[in-house]
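Residue-level listing of the chains:
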Amino acid sequence: MPLLDIPTLNVIQLGLGFFSTFFAFNSQGFIEEAVIDSAADNGNLNKHAGYYSLSIIYAVFTVANFVAAPIVDILTPKWAMVVGSLCYAIFQAGFLFLNEWYLYASSALLGLGASIIWTGQGSYLSQNCTKETTSRNSSMLWAMSESSLLGGGVFLFIVFSVQGASDQIPTSTVRFLQHFQMTLVSSSTTVFFQINILYSVFTVLSVISTFIFAFLRTPFYPETVDRKNYGKLVGSTFKLMFTKKMILLAFVFAYTGIEQSFWTGIYPTCISFTKQLGSNTNALLALNAICTGFGQIAAGVLSGLLGDKVRKIGRDTLVLIGTTVHLIVFALCFINFPQDSSLKKTDEMGGLIQPNLAIALIAGGLLGFGDAIWNTQIYSFLCDTFPKQSAQAFSLFKLYQSALSCAAFFYAPVLQLYWHLVILVVTSLFAACCFFYVERISRDKTSVRDSYNFEEDKVTNLRGDVQYRINENEQHNSGNLKKKLGECKSDNYKNINILSDVTMTSRKSTDPDEDVKF
């Protein structure tokens, strides 16, 4: 008997693919502004091209989530992730020959690819999970994916430590990259390996992830999708969007987008702009990335080790822990950072104390830990609750998340840190309440699932988590029908589908969301 079953191996391979993709993408993100600044000095690019690129990525990512689900359903999650990964490779390759219009076009393509690859990830994960394994598998996948953040942080720390103390990212990074310059002189050729070396590596890593996705096995519990009915596939996302559960979950998804923008952009900026933390604040920023990565991995490993015990503890309990951790972090940020640290370089005191490096790094780790708790439990909930519309559910998750991340980055340049913290505290509490309510109504109605199709009860043994209970009245009615049919000798009755009759006469859902047919 193998040590790991096929669904678990599928999830591990999926995690390796995402590690490879986002190790490259996160690492290039650390030096992207430096590279663009250097190119701008030479007149090749607009100095603000990096900001324009980021806005294009988020804008397309948000809109593309509306069509991501049908694309994933048509291509299948496996090939959708292959296409998405190629979009990342095309974007990376553009830095080998920097061109402004190519940068904008590839940014738009990356936004589309991101929506497809993340929706495909959620759908493929759902099709390799049962109720007993959703928490473990989603946590394992999250830990493997987010370990790329740790790798990128180590890379960034090396970049800024080798060249010494500095708080100017463009100058220091470009100077460091010059260490990679190699000049090979032959009789007629001089080859310069400089920035191209790094971006060649990033491109190769993205291509490797494409091959990893291409060799994924067929999901162990595949969904049945009518790929000929394109209109139905597109409309299914909008139908699911307006169900009771998804409306409530929208606030949960929105909070993850706001806090994601905080720990990925606003909080690192606070560290970099707080001069009292040290002279080489960019190296400290790298240490923060490492701490955040450790926090992400620790939460993922913890949730994975708990495994099926999560079902006994309850997802709402873990979300409560994640919310509490984040509230503690927001309090630490208030006392440790100046209010203008999110906007400009400052020597001011923190809210209550002098800025302290240890507190800043601990807060960074706790931010990652809380973020991982939120996301792993959302993954687990969506896999459990929407197994037959996983693509639609995950596309809506990414839609709300990316939209609010985009909004947060939009208002970030005009708000002081303390206003960011107020927004985060209010939205975290509201999101937690919404999650508690949705989890409760889902637990109370375990007899029927949102994606329920009763005809599939004839093959319930194929999937451990598709064990819909027939109530006592249904069993009684079914028994009576069987008895009567057994007494009937007419051939016309021999071909009656008993289960189908029971379905039409005695099964009735009490949850308005369950009546949605896709």
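About the thresholds
Residues numbered from 1 in each chain as written. Predicted model: local features only at pLDDT ≥ 70, side-chain atom pairs only at ≥ 80, totals over all residues. Heavy atoms only, no water. Helix = DSSP H or I, 4+ residues; strand = E, 2+ residues; numbered from the N terminus. Buried < 20%, exposed > 50% of the residue type's maximum accessible area, 1.4 Å probe, protein only. Contact = heavy atoms within 4.5 Å. Areas by Shrake-Rupley, 256 points an atom, 1.4 Å probe, with all protein chains shown as cover. Expected span 1.5 Å × (residues − 1). Polar contact = N/O pair within 3.5 Å; in protein donor to acceptor, adjacent residues only side chain to side chain. Disulfide = S-S within 2.5 Å. Axes fitted to C-alpha atoms, helices over the stretch in contact; angles between N-to-C directions. Parallel < 35°, antiparallel > 145°, perpendicular 65-115°, else oblique. Left-handed = near helix turned anticlockwise from the far one by under 90°. Nonpolar A, V, L, I, M, F, W, Y, C, P; charged D, E, K, R; others polar. pLDDT = per-residue confidence, 0-100. Core = buried A, V, L, I, M, F, W, Y, C linked by side-chain atoms within 4.5 Å. Phe/Tyr/Trp six-rings, centres within 6.5 Å; stacked < 30°, edge-to-face > 60°. Salt bridge = Lys/Arg side-chain N within 4 Å of Asp/Glu carboxyl O.

### What to know about the overall build of the protein chain
The number of helices and strands found in the protein chain is 18 helices and two strands. By residue count, 52% of the 518 residues in the protein chain fall in the buried class. Taking as baseline every contact in the protein chain between residues at least 6 positions apart, the subset at least 24 positions apart corresponds to 81%. Total accessible area computed for the protein chain in this model is approximately 22,800 Å², and 64% of it derives from carbon and sulfur atoms.

### Some details on helix H3 (residues 77-93)
The first and last C-alpha atoms of H3 sit 24 Å apart over 17 residues, in line with the 24 Å expected at 1.5 Å per residue. By the criterion of burial, H3 is predominantly enclosed, with 13 of the 17 residues buried.

### Things to note about helix H13 (residues 357-385)
Helix length check: H13 (29 residues) gives 42 Å between terminal C-alpha atoms against 42 Å at 1.5 Å per residue, within 8%. The N-terminus of H13 is capped by Asn356, whose side-chain oxygen sits 2.9 Å from the backbone nitrogen of Ala358.

### As for the side chain of Thr134
Within the element layout of this structure, Thr134 appears in helix H5 (residues 134-162). A relative accessible area of 1% means that Thr134 is categorised as buried. Each residue touching Thr134, except ones within four places of it in the same chain, is listed here: Cys129, Ser380, Cys383 and Asp384.

### Things to note about the environment of Lys78
Following the sequence through the fold, Lys78 ends up in helix H3. Note: C-alpha distance between Lys78 and Leu14 (64 residues apart in sequence) is 9.4 Å. Polar contacts involving the side chain of Lys78 include one to the main-chain carbonyl oxygen of Leu216, which spans 3.2 Å.

### Here we look at the state of the cysteines
Evaluated as defined, the whole model comprises zero disulfides. With no disulfide of its own, Cys270 lies 7.1 Å from the sulfur of Cys333, the closest cysteine sulfur. According to the relative accessible area criterion, Cys270 is buried, its value standing at 1%.

### Things to note about the packing of helix H9 (residues 244-273) against H13
At a minimum axis distance of 11 Å, the contact between H9 and H13 shows a crossing angle of 155 degrees. By the angle between their axes, H9 is roughly antiparallel relative to H13. H9 and H13 meet at a crossing whose hand is left-handed. On H13, the residues that touch Lys245, Leu249, Val252, Phe253, Tyr255, Thr256, Glu259, Phe262, Trp263 and Tyr267 of H9 are Ile359, Ala360, Ala363, Gly364, Leu367, Asp371, Trp374, Asn375, Ile378, Phe381, Leu382 and Thr385. Residues that form the contact of H9 with H13 fall into these classes: 15 nonpolar, four polar and three charged.

### With respect to the confidence of the model for the protein chain
Looking at the protein chain, pLDDT values average 76 and 71% of them are 70 or higher. Confidence drops under pLDDT 50 across residues 447-478; counting only partners more than four residues distant or on other chains, this segment forms 66 contacts. Long-range and interchain partners of residues 514-518, a stretch whose pLDDT sits below 50, account for 15 contacts in this model, where long-range means more than four residues apart.

### Quick notes on the nonpolar core
By size, the foremost hydrophobic cluster in this structure holds 90 residues, and its most contacted members are Trp118, Leu249, Phe253, Phe262, Tyr267, Phe337 and Leu382. Among the elements that take part in this core, H9 stands out by supplying 14 residues, more than any other. Beyond its immediate chain neighbours, meaning those up to four positions away, Tyr267 contacts Phe262, Asn288, Cys333, Phe337, Ile359, Ala360, Ala363, Gly364 and Leu367. Ranked by size, the runner-up nonpolar core spans five residues in total, among them Ala69, Val72, Ile116 and Ala391.

### Side note on the packing of aromatic side chains
According to the stated counting rule, one finds 28 aromatic pairs in the structure shown. For the pair Phe22 and Trp118, a centre-to-centre distance of 5.2 Å together with 40 degrees between the ring planes defines the contact as tilted. With Phe22 in helix H1 (residues 6-41) and Trp118 in helix H4 (residues 100-126), the pair connects residues that are 96 residues apart, well separated along the chain. The interplanar angle of 10 degrees and the centroid separation of 5.4 Å between the aromatic rings of Phe66 and Phe238 together place this pair among those described as stacked. Of the two residues, Phe66 is situated in helix H2 (residues 49-75) and Phe238 in helix H8 (residues 230-241); the sequence distance between them amounts to 172 residues.

### Side note on the packing of helix H12 (residues 315-336) against H13
It is the contact of H12 with H13, at a shortest axis distance of 9 Å, that shows an interaxial angle of 155 degrees. One way to sum up the angle between H12 and H13 is to call them roughly antiparallel. Here the hand of the crossing between H12 and H13 comes out left-handed. Of the residues that constitute the contact of H12 with H13, the class distribution is 15 nonpolar, seven polar and three charged.

### Some remarks on the environment of Val252
Mapping Val252 onto the fold places it in helix H9. Distance from Val252 to Cys433, taken between C-alpha atoms, is 8.9 Å for residues 181 residues apart in sequence. Discounting residues that sit within four places of it in the chain, Val252 has contacts with Trp374, Ile378, Ala431, Cys434 and Phe435.

### Here's the deal with the pattern of salt bridges
Opposite charge on two side chains permits pairing when their charged atoms draw close. On inspection of all chains with the given rule, the structure shows two salt bridges. Linking Asp384 and Arg315 is a salt bridge whose minimum nitrogen-to-oxygen distance equals 3.0 Å. A residue pair is termed long-range when its members are at least 10 positions apart, and Asp384 in helix H13 and Arg315 in helix H12 qualify at 69 residues. Judged by its relative accessible area of 5%, Asp384 is buried. Each of Arg315, Asp384 and Glu439 takes part in a single network of salt bridges with overlapping partners.

### Quick notes on unusual backbone geometry
Residues other than glycine seldom take positive phi values, yet Thr76 does so here, at roughly 80 degrees. Looking at the secondary structure, you find Thr76 in the loop between H2 and H3. Assessed through its relative accessible area of 23%, Thr76 is described here as partly exposed.

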